[in-house]
Every structure is written in C-alpha cells, then in structure tokens.
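# Inside the fold
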Amino acid sequence: MSEPKEELKTINLDVCPYGDMKIALTSTTIDVTYRVSSHQLCLGSSVFRGMLGPESCFSEANELRRHQSISSTARDSNGSLFQIAANEEHDPTALATVLYVLHGRAEYIPESITFENLLDIAIICDYYDCAASMRPWDEIWMNPLRSLTSEPGYQSWLFIAWVFGDEGTFGQMTESCSRRGVMVDGEFGIIVDGKAQRLDCHLPQGIIDAIAEQRVKIGEEIVRTCRDIFTKYEDENSIKCEHGVKACDYIIFAGLYKSFKSMNLFNAGAGFQADLELEAIIQIIKTVMDDGVAGNLRTLQINGFNHSFCYTTVSVEQRLQFVLQDIKPLCLTAFSKKPGTRYVWESFLDADDALCHPVRMPYGSARRLNVCTYGDMEIILKSNTTHVIFVVSSHQLRTGFPIFRNLLGQDSPFEEHARHTHKQINDSGLNEDDPNQTTRYQHEICKDYNPIAFCIVLYLLHARVQNLPETIYFENLISLLEICDHYECSEFLQPWHEKWVDCWRQFSDNTFYEHWLFAAWVIGDDHIFQALTKKFSQCGIVVDNEFTILVSEGPEHCELYQPKLIPRVIIDAMMEQRNAAAENITQACRRIYEIYSNDTTRKCSINRGQFPSRMCDHFILGELHLGFKAARILCADLFSCRPETTLKRIVEDIKNLTTATLSILTGSKIGIYSHHRCAGEITALASTAQAALDDIKSLQLAAFGRKQAEKGMVSWASVLSRTEDVAE
C-alpha cells in the first residue's frame, strides 16, 4: 500500500503589502507566494532589471506593463496581480529574507542565522545578482560565522566571500584551498575527512581554475626543486661534503637517486602526486629522503669524520617550505567582484552625477534625484535653502511610512492621478517636449529637514544601501532620527546601529551630547532613556514656563538646552517630577524654619539651669534664614524652590548650609557650652533634601507607548510565518 502524499503547504507572504506583482516558489513540500514591488526588484537586482526594467523586451516586462496600464496596483480585470515563478531549487525562507532586505523591511529579517542559511542566501543573491543590496545584513550574518573559515567541511565559505565581496575571507580561502587542494580525475577538490570533495558547484569556474592552476604550479615547483638538488649532486666537478670527502657526495647522490626514483619523480609532470595535498607531498619527500639518505649518513665514518651533518647541505625540507610560501591569496577584483564606493555625508547628494539632474521650478532651480529609478511619484523637499526633488516608489512609501498609507491610499489624489496618467514602468516620468515637466504625482514637504538626512532615509526605505556612508557625526545622526521619528520609520536604522549609533553610546552621559535623550527615544534604547530622564529631571529648570536642561554652568555663562524634539508628554513628565521633588524640599525647609521661628518652645538641647539656651535657637534660625535666601529657597518671606535653579544645586546648597552651621556650633561656644548636638534637625534636613532628589524616578519608554528595541527577535524559522495588518 502506497504511503499518502504529504499535503502541500501554502503560504502567502506580503513582503511589500502594496506591491504590484508576485513571485511564486513551488517545491514538492511548500508553495509560497511573495507579494513584492517591481520597483524594488529592478532597483536592487540586475537580473530583475533585465527581466522587468524599462528597456526590457522580455515577455515578463511586457505583461507587467499591460497590468500597470490597467490600474495603478497592476491588477488585471480579474483583480489578479502579475506573477512570475522563482527557481524551485531555492530555499523559500532564504528567498523571503533576500526579498525583505531588497524592500528594506528590517523588522522581518533575522539577525542570527546558521552557515547553511547563509549559503542559501548567497546562492539566491548570486542568482539574482543582488548581493550589493544586502549591506549591512551581509556583515551581520557573516561576522559570527567567520571562525568556521578554518574548519574542515566549510569550503563553501569561498563562494559566500565571493558573492558578498569579502576580500579578506576570499583571499584567506583561496590560499587555503591552494594548499589543501587535490586533482582527482581532472577535477579540483579539497580533502575533507580523508576524502576529496569538489568546491561549491555555484562557484565560478574561473576561480576554481585559478586555484587549481596555482596548486599545479606549486606542485611543479616542488618537482623542480627536487631535481635541482639532484642535479647539484650529479655534478662531479665540485665537492659538496663539508669535510671535502667525495665518497660522501656519492652516497648522498645514490640516496637521492633511489628516493626520487621510488617516487617516480624523474618522470613526473604537472600531475605529480596530484591526489595529495601539497604539504602531504613535502612530508612524503622528507620521509623518503630521511630513510634513503640521512639514515645512511648517521652511521657513516669516512676518513675519521662523522658525515651526518653533510645531509643538511641538501636542505630539501627548508627549500620546499619556501616553495609553499609562494602560494598567494587570489585578488577578489580579478573576478569582477569589486567593493562598492562609500560616500561621505557632506558629498552624498552630489556623489552620483548620473542620478542628479538640474530642474527649473516655478520657485527657482532644483535638483531631481532618482532615489528609485523606476519610481512613480516625486517628493519635493522645499525650504528657504533647499529645493530637491526625489523620485521614489509609492509602493515603498506606503509600506514604510504609515503617514503615506492614507495619503496614497484608495480614492486619494495619488490614485486619481495614476488612473488619469496610466503610468507605465518604462515611462521616464518626464515630458518629452519639456524635460523639466513630469507626469509623476508630486508631494511637497515644506519642512526645514536636512536634505542629506532626508535623502539617506529615502535610500534606506528603498534599500539603496550600496553607497551609504560608513560613519556619520552625531549631529547628522540626530537629523536622521528627526525624520525617522516624524515618519515613524526608525526600524530602517536597526541594521545600521553598529555603524552609526553604537559608536556614540559612550557619550550618552556627556553633557555635550544632550540630544541623546531624543536619540534613545527614537531608537528605543530604554537603558539610556531611563538614565537621562532621571538626570534631566534633576538638572532641569523652568525658563519662561518651558522646561529647560542646564547643560553647563559657569560663573559668567550658563549653557541651556530645550528638548524641543522630545514629545511634549515626556517633557511634562520630567517637569512634573522636578516640581514634585522641589515641593518636598520646600516643605522640609519650611517645616524646620517654622520650628525655629516659634518662640513658645526652645529647641536647644543644652539645659543651662532650668531653661535651654534661646541664643542657640536664634543663632540656628539666623543661619537658616541666610542660607535659605542664598539658596533662593526663601524669598520675601515666601518658601519656594526657585524654578530657575536646578534641584541638584539646591540640595548642594542645603548640604553646605548644614556643614557650615554644624562647624560653627562645634567650634564655638554659646555661654560656656558647645552646642554641636543642637544641629540634629539641620542634619536631618540635608538627608531629607537628598532623599527627595534621589526619589526622582527614571521614566520608561513603555509608559509613553514606545517599545524597547530588541535584537534577534526574528528567527529563521519564523520568517515565513510573520504577518502584519496593513489596510488596503
């Protein structure tokens, strides 16, 4: 009886919920359909660009254009999206991961994967020629697995390094393969667990041939070195023995002859011992010569001399080790994998002249920047100093920016515009008669955003990561975060934290990096957010009814910082904490002042006769009065912690008052008595004020509806099962 067939698992994955096409991958066990954006596929993959691009004559491109001419969502009359088939040999999870990266969906991409997963991803990236678009995920995936490069059985690292342009690992692996390589039946392979295994079948034959050629050349050099040694002793016109005994040379010559003949070295060609690793060949030569030559010399006595050291003049092993040093790592650029250009922040808008075009606008000149070459709309960033037009994909805007889902949704001006213009993918979006006019839908943003920061955010949104700068200054990071906060897209920065954010964390408690509170809010760093909200509550003052941070204070100058980028609710929470602590300190000061102002009771602890000393009480009251006025706690007989003074400064002043009063009471006498024990109430005041300052709590991101960023939340197994709620 035949076994029942396993039920085919069907999965529909919205990689781009507003995409205009689908990719179907069907195998014997699973059927996965990925909804994607043709804009992003063409932008990140030369293979898709050739298949679906504006200059493509393939049937797939023609069919996609036909769908797009019917509706802006590329649906046909039956409501179906255009669909193409993927290679059924590809791993469906790896394909989903690659597509998520191409669409900039960082929240759905696993950070930790196995070597096998990485290999599956590399195979797909090579197939679609989109490895350059994997940055910086390729480094995130590869770094934990680099230790495997020296382990047996991981020769596929060579293919991975070639795909992702890792020149260091590529050179290391090519050198290792040349040393460990063998030729079996004309095929180059690597010895693993005693058996020859071919290099990765996906590796270009040119790389395999280059490694094999280097291995063969070194093998030939080994044979040549041995023959040179033999030829040296074959020459009878010179004596090589260190004692000048010709019989010694004859014995060595005979030993060399027998040893080399036993290895068939005299007739060896390019395939000499091709089925052995180079170091194994050298070890065999050394062993044979030790037995055939050195062994005879150890017991030989000629003319009263010991000739065991005459063999060292041969230096076979040493010379062969020098031969191995000629093995060099292959250069990655020789195999058309060139590292991408990394632009710097300042020149980013001007980095690619091919993408920048001057445009005449009604309000002056502007530049049109093709963020998405195949985009269907334009964003105009307009301010007093900036006029830049960004060509973008509406698919990506609706997927990545929640604010654009309504702006570009059904029955929106964008949809109406798309229906009237019948925009097609091969349309440049420009009027043929006037290149300054566009047929794309335009959306204007009248905000004073940093244009470079806005451009980089759009590049991240469209997964155009090949040329992004490696490092940025902190003030530029804040410009990026300001835009990400407004458009609720901070997840785009997640894979770039290590390059752009982590290097600045060490300065989060530095007063000159006060914007770190805003940065912690945007990126979801709860640890720094808690530390800074407590610190700022303690250092906050109120100026013109606005909560302000006293960054630095000097005798003639104070530097203030108003956290305007922080949501108002957070500022109010910090000010509320500050005011509550100030009120507690004020009440404590008022209470002790009233105690010493009350003449009906005496507080002095020293009984002089029948009554305590009134002079002691008056002295302490005077110290309190002067101290509170100096600390701005008492003003015009009213108690209040002045809003323009930080709580830390007030508490410090109270401590100084306590110390001074205690010192005077201890060092001087009222009457004939020392009254240092009478300062107990003042000492308690200092403790109370410090406790009020310490009781200020750290605010948590969760209290303001912001989740803490968590790394490694997406596992490889969950990639195909993750879903999202996005309304059409």
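Our structure is the block above this text.
Scope of this entry: the structure provided in the associated data block. Because the structure is predicted, anything quoted here is derived from the model rather than measured.

## Here we look at the overall build of the chain
The helix and strand tally for the chain stands at 24 helices and 23 strands. Long-range contacts, defined here as pairs at least 24 residues apart, represent 67% of the contacts in the chain between residues at least 6 apart. When the accessible surface of the chain is summed, it comes to about 34900 Å², and 49% of that surface belongs to carbon and sulfur atoms.

## Topic: the sheet that holds strand E7 (residues 195-198)
One open sheet accounts for 3 strands, arranged E5-E6-E7; its pairing is antiparallel. Here the strands that pair on one side only, and so sit at the sheet edges, are strand E5 (181-184) and E7. Within this sheet the neighbouring strands show an average axis-to-axis angle of 55°, counted without direction. The pairing of E5 with strand E6 (residues 187-192) spans 4 bridges and is antiparallel. Looking at the pairing, Val 182 lines up with Gly 189 of E6.

## Re the pairing of E6
Between E5 and E6, which pair antiparallel and follow one another directly, the connecting turn spans 2 residues, one of which, Asp 185, has a positive phi of 55°. Where E6 lies against E7, 4 bridges are found, and the strand directions are antiparallel. Bridge pairing links Val 192 to Lys 195 in E7. Hairpin connection of E6 to E7: 2 residues between the antiparallel strands, including Asp 193 at a positive phi of 55°.

## Focus: the packing of aromatic side chains
Here the structure, examined in full by the defined rule, presents 22 aromatic pairs. For the pair Phe 390 and Phe 454, a centre-to-centre distance of 5.5 Å together with 45° between the ring planes defines the contact as tilted. Pair noted here: Phe 390 is in strand E13 (residues 387-392) and Phe 454 is in helix H16 (residues 451-461), with a separation of 64 residues, a long-range link. The same class applies to Phe 390 as to Phe 454, namely buried. Aromatic ring contacts, followed pair by pair, group Phe 390, Phe 401, Phe 404, Tyr 449, Phe 454, Tyr 487 and Phe 492 into a single cluster.

Procedures and definitions
- Residues numbered from 1 in each chain as written.
- Predicted model: local features only at pLDDT ≥ 70, side-chain atom pairs only at ≥ 80, totals over all residues.
- Heavy atoms only, no water.
- Helix = DSSP H or I, 4+ residues; strand = E, 2+ residues; numbered from the N terminus.
- Contact = heavy atoms within 4.5 Å.
- Areas by Shrake-Rupley, 256 points an atom, 1.4 Å probe, with all protein chains shown as cover.
- Pairing = 2+ DSSP bridges.
- Axes fitted to C-alpha atoms, helices over the stretch in contact; angles between N-to-C directions.
- Phe/Tyr/Trp six-rings, centres within 6.5 Å; stacked < 30°, edge-to-face > 60°.
- Buried < 20%, exposed > 50% of the residue type's maximum accessible area, 1.4 Å probe, protein only.

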